[in-house]
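Observations on chain architecture
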Number of protein chains: 2
Amino acid sequence: MSKSEQLVDTALQLFYRQGFHATGVEQLSREGEVTKKTLYRYFPTKEALVEAALQRRDAQFMDELQRFVAPLPLAERPAGYIDFIVQWVQQPTFHGCFFINAVAEYAGCDEPAHRIAAAHKRALRSYLAQLCTEAGLEGAAGVAAQLFLLGEGLIVACQVEGPEPPLLAAAQATAAGWTRQGGVS
Amino acid sequence: MSKSEQLVDTALQLFYRQGFHATGVEQLSREGEVTKKTLYRYFPTKEALVEAALQRRDAQFMDELQRFVAPLPLAERPAGYIDFIVQWVQQPTFHGCFFINAVAEYAGCDEPAHRIAAAHKRALRSYLAQLCTEAGLEGAAGVAAQLFLLGEGLIVACQVEGPEPPLLAAAQATAAGWTRQGGVS
DNA sequence: GGAAAAGTAAACCGATCGGTATACAAAAGT
DNA sequence: ACTTTTGTATACCGATCGGTTTACTTTTCC
């Protein structure tokens, strides 16, 4: 693995665990086993490293989701999205959504980090719409939006309160309802 | 208004707009029209001011919600929660949920800020359960959890992508479905 | 009216922030 | 072989961080 990939990897982990402002470049270079000078060769600023970490997480997340959903029959894939989230929020390393966390720290809509996060969510929503269409659901676009909101809610609720069984159950019950009847309204 | 209330007020606004780590005590005292010395008389540390701001926001939010829901007939109050969120996320000052933002920056479950946020969400959930029970919904606890997840999802989705009409519509459609038929499963 | 409390203004503390500079050692490319 | 690139190690930069201190002025209250 190249030094720059190693750096992005480390940055992703540290930013995710500790937050962005709470992670300094000193720690990033130390933990990434690279000198500050080398870090600044590849990334002109800390912001650039933040953006690279977000891009990497985007690719990683979409890849994991697609792998999770692939073995399921087409009709079960929309609800499978919620199962994917349910499994994720129960992992001990879970600390919420990297992109939502980024937006919390970089509030300005013009900030690059915010724009990358918005782009990621837009891509995710369009992927969900595709899953719903392929599943033959009526009002696929609407169901996809509902599925998306449910997923986002489950992620942040479990980030704050932990993976409480009633929350997981509520999410799965809602998704199961849509899968059966094709969405409300 | 006392100096300490003035300070908490300012802190709430600044933390909400800029984030916690991005707001320094220098700015807090300047904008709060108080000397650093005075600030430190009332709050032994910045963390204490963070906690006070969270507590104030908890009271403020629950109060606004109750006021919004009060004029509605009992049966319409659960769905009214979503209307409350819909109206909130469209305000130009909206920057997401203060508590979710706090958890993003103070990730440790042991951190005071995180615990206050979790307590707020627990209180909100129990209030929603009360609304659902009073509305005579079957499976009130389950519907309340679904309502809660939907609201959380709408909040963060609009924080990242802005108040897009399809998102607002999806949330209201989902809530309307529950109000009519008493929840799924 | 006189002490105590609450306030201002501003200098100061060590630590850390993001980022740069200097000096030198391995690789790598041709 | 010789130059360029990539890397290390480390000291340094000005600015800001959270927090303290000193000296002086109100306000409050008995």
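Look up: the structure comes first, before these words.
These notes cover the structure that comes with them. Throughout this description, residue numbers start from 1 for each chain and increase along the sequence as written. Naming scheme: in the order in which they are written, chains are lettered from A and ligands are numbered from 1. For a predicted model such as this one, the threshold for reporting local features is a pLDDT of at least 70, and the threshold for listing and counting side-chain atom pairs is 80 or more; totals across whole chains, interfaces and linings nevertheless cover every residue. As a rule here, side-chain values come from all non-hydrogen atoms in the structure, and water together with hydrogens is ignored.

Tallying the contact residues gives 41 residues for chain A and 41 residues for chain B. Three residues, A:Leu149, A:Val160 and A:Glu161, lead the burial of chain A against chain B; their summed loss comes to 19% of the area buried on that side. Whenever a carboxyl oxygen of Asp or Glu lies within 4 Å of a side-chain nitrogen of Lys or Arg, that contact is scored as a salt bridge. Across the pair A:Glu161 and B:Arg125 runs a salt bridge, and its minimum N-O distance is 3.0 Å. Any N or O atom pair separated by 3.5 Å or less is treated as a polar contact, with the protein-specific requirement of one donor-capable and one acceptor-capable atom, and with residues adjacent in sequence counted only for side-chain atom pairs. Linking chain A with chain B are 9 residue pairs in polar contact (both at pLDDT 80 or more). Per-element tally for the side of chain A that touches chain B: the top contributor is helix H8 (residues 140-161) of chain A, with 14 residues. By the convention adopted, Pro, Cys, Tyr, Trp, Phe, Met, Ile, Leu, Val and Ala count as nonpolar, Lys, Arg, Asp and Glu as charged, and the other residues, Gly among them, as polar. Its residues placed into classes, the side of chain A that touches chain B shows 22 nonpolar, 11 polar and 8 charged. Contacts are assigned to residue pairs that have any heavy atoms within 4.5 Å of one another. Buried area counts how much accessible surface, traced with a 1.4 Å probe, disappears from two parts once they are put together, with both parts' losses summed. Counting from the N terminus, the helices are the DSSP runs of H or I reaching at least four residues and the strands are the DSSP runs of E reaching at least two.

This brings us to the environment of A:Ala144. Residue and element names in this part refer to chain A. For Ala 144, the location among the structural elements is in helix H8. Remark: exposure states derive from per-residue accessible area (1.4 Å probe, protein chains only) relative to the maximum for the residue type, with buried under 20%, exposed over 50%, and partly exposed in between. The class of Ala 144 is buried, set by a relative accessible area of 4%. The sequence separation of Ala 144 and Lys 37 amounts to 107 residues, and the corresponding C-alpha distance is 46 Å. When neighbours within four sequence positions are excluded, Ala 144 is seen to be in contact with Leu 128, Ala 129 and Cys 132.

This part covers helix H8 (residues 140-161) of chain B. Residue and element names in this part refer to chain B. Each helix should span, by expectation, one fewer than its residue count multiplied by 1.5 Å. Here H8 is 22 residues long and its end C-alpha atoms lie 31 Å apart, about the 32 Å a rise of 1.5 Å per residue gives. Along H8, 20 of the 22 residues are buried, which leaves the element largely enclosed by surrounding structure. Phi turns positive one or two residues past the end of H8, at Gly 162, with a value near 85°.

Looking now at the protein's contact with DNA strand D. Near residues are defined by distance, with any heavy atom within 4 Å of the molecule or strand qualifying the residue. If you check the shell around DNA strand D, you find 15 residues, and the closest are A:Thr38, A:Tyr42, B:Lys36, B:Thr45 and B:Lys46. The side chain of A:Tyr42 places a nitrogen or oxygen atom 2.3 Å from a phosphate oxygen of DNA strand D. At a separation of 3.0 Å, a phosphate oxygen of DNA strand D approaches a polar backbone atom of B:Val25. Of all the secondary structure elements, the ones that give two or more residues to the surface near DNA strand D are helix H3 (36-42) of chain A together with helix H3 (36-42) of chain B. A class-by-class count of the residues in the surface near DNA strand D yields 4 nonpolar, 5 polar and 6 charged.

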